[in-house]
Amino acid sequence: QVQLQESGGGTVQAGDSLRLSCVVSVRAFRNKAMAWFRQAPGKEREFVASVDWFGKKYADFVKGRFTISRDNGENRVYLQMNNLESDDTAVYSCAMARNHIGGQTANDYESWGRGTQVTVSS
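Let me begin by describing the structure that accompanies this report. (Residues numbered from 1 in each chain as written. Predicted model: local features only at pLDDT ≥ 70, side-chain atom pairs only at ≥ 80, totals over all residues. Heavy atoms only, no water.)

Some words on a nonpolar patch on the surface
Moving on, step 1. A cluster of nonpolar side chains, namely Trp53, Phe54 and Ile101, defines an oily patch on the protein surface of about 390 Å² accessible area.
Moving on, step 2. Relative to the helices and strands, tryptophan 53 is located in the loop between β5 (46-52) and β6 (55-58). (Patch = residues over 30% accessible without salt bridge, like charges linked within 9 Å, V, L, I, M, F, W, Y side chains within 5 Å. Areas by Shrake-Rupley, 256 points an atom, 1.4 Å probe, with all protein chains shown as cover. Salt bridge = Lys/Arg side-chain N within 4 Å of Asp/Glu carboxyl O. Helix = DSSP H or I, 4+ residues; strand = E, 2+ residues; numbered from the N terminus.)

As structure tokens, then:
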């Protein structure tokens, strides 16, 4: 059974940084596209960033503040978040696609972690 476990969330001040990590228990992790999504209270889940064989993609609101990366040897995907804003407050979840092709919608991913809370105070 595939498992995804996020860590690294917390409560920070506006302008601070956080690095989220997601470890995935799956064989051939390098062949899986990965992504981060987030969901704020009362809002729908939204795409944040993805990484697959074709490169990296980011949501427009990232504005160069976030960087997604992966370590295939450790089965991990990261989200470095800099210059955090109060609007970034949400539960951040990592997601894994069924193959090496990612996307920007939740339907593009078949496995999900439970999420880690990020709270940014202004």
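Alright, that's what it looks like, and here's the rest.
Observations concerning the packing of aromatic side chains
Moving on, step 1. Summed over all chains, the structure comprises four aromatic pairs.
Moving on, step 2. These aromatic residues form a ring-pair network of at least three members: Phe37, Phe47, Tyr109 and Trp112.
Moving on, step 3. For arginine 45, the ring lying beneath its charged end belongs to tryptophan 112, and the centroid distance is 4.0 Å.
Moving on, step 4. Lying across the ring of phenylalanine 29, arginine 70 places its NZ or CZ 4.4 Å from the centre. (Phe/Tyr/Trp six-rings, centres within 6.5 Å; stacked < 30°, edge-to-face > 60°. Lys NZ or Arg CZ within 6 Å of the ring centre and 35° of its normal.)

What to know about the state of the cysteines
Moving on, step 1. By the definition in use, this model includes one disulfide.
Moving on, step 2. In this model, cysteine 22 is linked to cysteine 94 through a disulfide, with the two sulfur atoms separated by 1.9 Å. The sign of the S-S torsion, about 45 degrees, decides the handedness of the disulfide formed by cysteine 22 and cysteine 94: right-handed. Of this pair, cysteine 22 sits in strand β3 (residues 18-25) while cysteine 94 is found in strand β9 (residues 90-96), placing the two residues 72 residues apart along the sequence. (Disulfide = S-S within 2.5 Å.)

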